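Residue strings, one per chain:
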Amino acid sequence: MSKTYNIALIPGDGTGPEVVAEGKKSLDAAASKFGFKLNYTSFDFGGERYLKTGETLPDSAIEELRKFDSIYLGAIGHPDVKPGILETGILLKARFALDQYINLRPVRLYPNVETPLKDKGPEHIDFVVVRENTGGIYTSLGGATRVGTQDEIATQLMIYDRRTVDRCIRYAFELKKKRNALNPKYAEKPITLIHKRNVLTSCGDLWYRAFEEMGARDYPEIKRDYNHVDAANMWFVKNPEWFDVAVTENLFGDIITDLGAMIQGGLGVAAGGNINPEGVSMFEPMGGSAPKYKGQNVINPMAAIGAGMMMLDTLGETKAAQAIEAAMIEVMKKMKSQAAGKMGYTTTQVGDMVAGLV
Ligand code: IPM
Ligand code: MN
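Remember, it's a predicted structure, so these values are computed and weren't measured experimentally.

Parameters at a glance
- Residues numbered from 1 in each chain as written.
- Chains lettered and ligands numbered in written order.
- Predicted model: local features only at pLDDT ≥ 70, side-chain atom pairs only at ≥ 80, totals over all residues.
- Heavy atoms only, no water.
- Near = heavy atom within 4 Å.
- Polar contact = N/O pair within 3.5 Å; in protein donor to acceptor, adjacent residues only side chain to side chain.
- Areas by Shrake-Rupley, 256 points an atom, 1.4 Å probe, with all protein chains shown as cover.
- 1 Å grid on protein atoms, 1.4 Å probe; cavity = no way out; pocket = protein on both sides within 12 Å on 5 of 7 lines; lining within 4 Å.
- Sits in = over half its atoms within 2 Å of the grid points.
- Helix = DSSP H or I, 4+ residues; strand = E, 2+ residues; numbered from the N terminus.
- Nonpolar A, V, L, I, M, F, W, Y, C, P; charged D, E, K, R; others polar.
- Domains from an automatic or database assignment.
- Axes fitted to C-alpha atoms, helices over the stretch in contact; angles between N-to-C directions.
- Parallel < 35°, antiparallel > 145°, perpendicular 65-115°, else oblique.
- Left-handed = near helix turned anticlockwise from the far one by under 90°.
- Contact = heavy atoms within 4.5 Å.
- Salt bridge = Lys/Arg side-chain N within 4 Å of Asp/Glu carboxyl O.
- Buried < 20%, exposed > 50% of the residue type's maximum accessible area, 1.4 Å probe, protein only.
- Points joined across faces, edges and corners; volume = space filled by probe spheres on them.
- Buried area = accessible area lost by both parts, 1.4 Å probe.

Colleague: Please set out the site of ligand 1 residue by residue, giving values where relevant.
Modeller: Taken together, Glu87, Leu91, Arg95, Arg131, Tyr138 and Asp254 make up the full set of residues adjacent to ligand 1. Between an oxygen atom of ligand 1 and a side-chain N or O atom of Arg95, the distance comes to 2.6 Å. Here ligand 1 loses 72% of its free accessible area of 320 Å² to cover by the protein chains. Cavity membership is defined here by more than half of the atoms lying within 2 Å of grid points; on that basis ligand 1 lies in the second largest pocket. Top element by residues in the shell around ligand 1 is helix α4 (residues 85–97). It accounts for three residues. Here the residues of the shell around ligand 1 are counted per class, giving two nonpolar, no polar and four charged. In this structure, the shell around ligand 1 is formed jointly by two domains, domain 1 (1–101 + 288–358) and domain 2 (115–264), each of which donates at least three residues.

Colleague: An account of the packing of helix α10 (residues 302–315) against helix α11 (residues 318–334) is needed here, citing residue identities and associated values.
Modeller: Packing of α10 against α11 brings their axes to within 7 Å, and their N-to-C directions diverge by 160°. Between α10 and α11, the crossing angle belongs to the class labelled roughly antiparallel. In this structure, α10 meets α11 at a crossing whose hand is left-handed. Residue-level contacts link Met302, Ile305, Gly306, Met309, Leu312 and Asp313 of α10 to Thr318, Ala320, Ala321, Ile324, Glu325, Met328, Val331 and Met332 of α11. Of the residues that constitute the contact of α10 with α11, the class distribution is 10 nonpolar, two polar and two charged.

Colleague: Which residues make up the pattern of salt bridges, and what values do they have?
Modeller: Under the counting rule described, the total for this entry stands at 23 salt bridges. Across the salt bridge formed by Lys118 and Asp119, the nearest N and O atoms sit 3.4 Å from each other. As far as the burial class goes, Lys118 and Asp119 line up, both exposed. Across the pair Arg179 and Asp126 runs a salt bridge, and its minimum N-O distance is 3.7 Å. Placement of the pair is Arg179 in helix α5 (residues 162–182) and Asp126 in strand β5 (residues 126–132), with a sequence separation of 53 residues.

Colleague: Outline empty space enclosed by the protein, supporting the account with residue identities and numerical values.
Modeller: Rolled over the atoms, a probe sized like a water molecule indicates the empty space that remains. Applying the stated rule across the entire model yields one cavity of 30 Å³ or more. What the largest cavity holds in volume is close to 30 Å³. Ile10, Leu73, Ile90, Leu91, Ala94 and Met282 are the residues that line the largest cavity. Of the residues forming the lining of the largest cavity, the biggest block, three residues, is contributed by α4.

Colleague: So, the domain arrangement of the chain: which residues are in play, and what are the values?
Modeller: Where the parts come together, the accessible area they lose is often given as the size of the interface. Each assigned domain of the chain is listed with its residue range as follows: domain 1 (1–101 + 288–358) and domain 2 (115–264). Spacing between the C-alpha centres of domain 1 and domain 2 amounts to 25 Å. If you look at the interface, domain 1 gives six residues, while domain 2 gives six residues. Summing the contributions of domain 1 and of domain 2, the shared interface buries around 710 Å²; its carbon and sulfur component is 52%. With its nearest N and O atoms 2.9 Å apart, the salt bridge here joins Arg167 to Asp99. Linking domain 1 to domain 2 there are three residue pairs in polar contact (both at pLDDT 80 or more). Here the residues of the side of domain 1 that touches domain 2 sort into three nonpolar, one polar and two charged.

Okay, here's the thing in structure tokens:
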């Protein structure tokens, strides 16, 4: 009997539904080729639903999502909804409630994809950022008082406990171990902790000690490095080839992964996973809802296809994931650009071409 995976689809807003539709083509092609089944159930969470019903992601939806093997998300974001409502009500709520404590962001430049970095090619840009995804400033502990007066005070605390730090660092070391075994080029490079321990002397120190202790005790064969986050920004641009696995806390990870997305060719190609290694994970293209491109068949579905590829990999369908990646690489070689409207193909053509090569 073939294995069946139950996938919750949240196409979402703007161009989300278009790119999810294209991603599904490759997922289905991989499923039939590698002998497993994907069973999709669609949910209409997003800006449109919020504007109609006032509901973002109700608790009952979280309970329902828990029953799935994985979640495949298009984009959340609507021009008529005030910033913050959908982000906290849907995306962050899902991350926290489903305890998706890793935000995995591969930063890989594929052949023929343009990077703004001069003199850098695919051989220089091939690393992964492991961003802690449930803690830090994102816990939103704190508040404001005397709002609107000259004496207004606002706080938002960077909260971390040892368990949250340890489980993230454990994931990063295990990933590094896997990559080292995969490719000797990776094994030469260190795992890098990114923080700001020269200023954040309590949180930074917690992360640093947790990283050093676990590394020395459990992964002595893996080289370790440490960068302050401001310096890491410089090195991502100047020497991206120094990085293989970089691990960091939530807000720093948010910031540096947007830089990572740009050096790998932009939002048309960057994908990410919100991962609970013991539970339900959620995969998404990084691009957002791009409302101005909605319905024009010009948005690049490659990031969504890449998110699908990551989903299969996380589900354990490694060969299927590799087949999708190989097909993506072939199609990228034919595309003029990875930017919306400049690909030389339509959204559906790119989706069909990738699926056809899986
Ligand atoms: C991301 C996004 C989110 C974040 C926003 C939309 C809440 O920027 O996934 O990186 O800050 O984590
Ligand atoms: Mn972000």
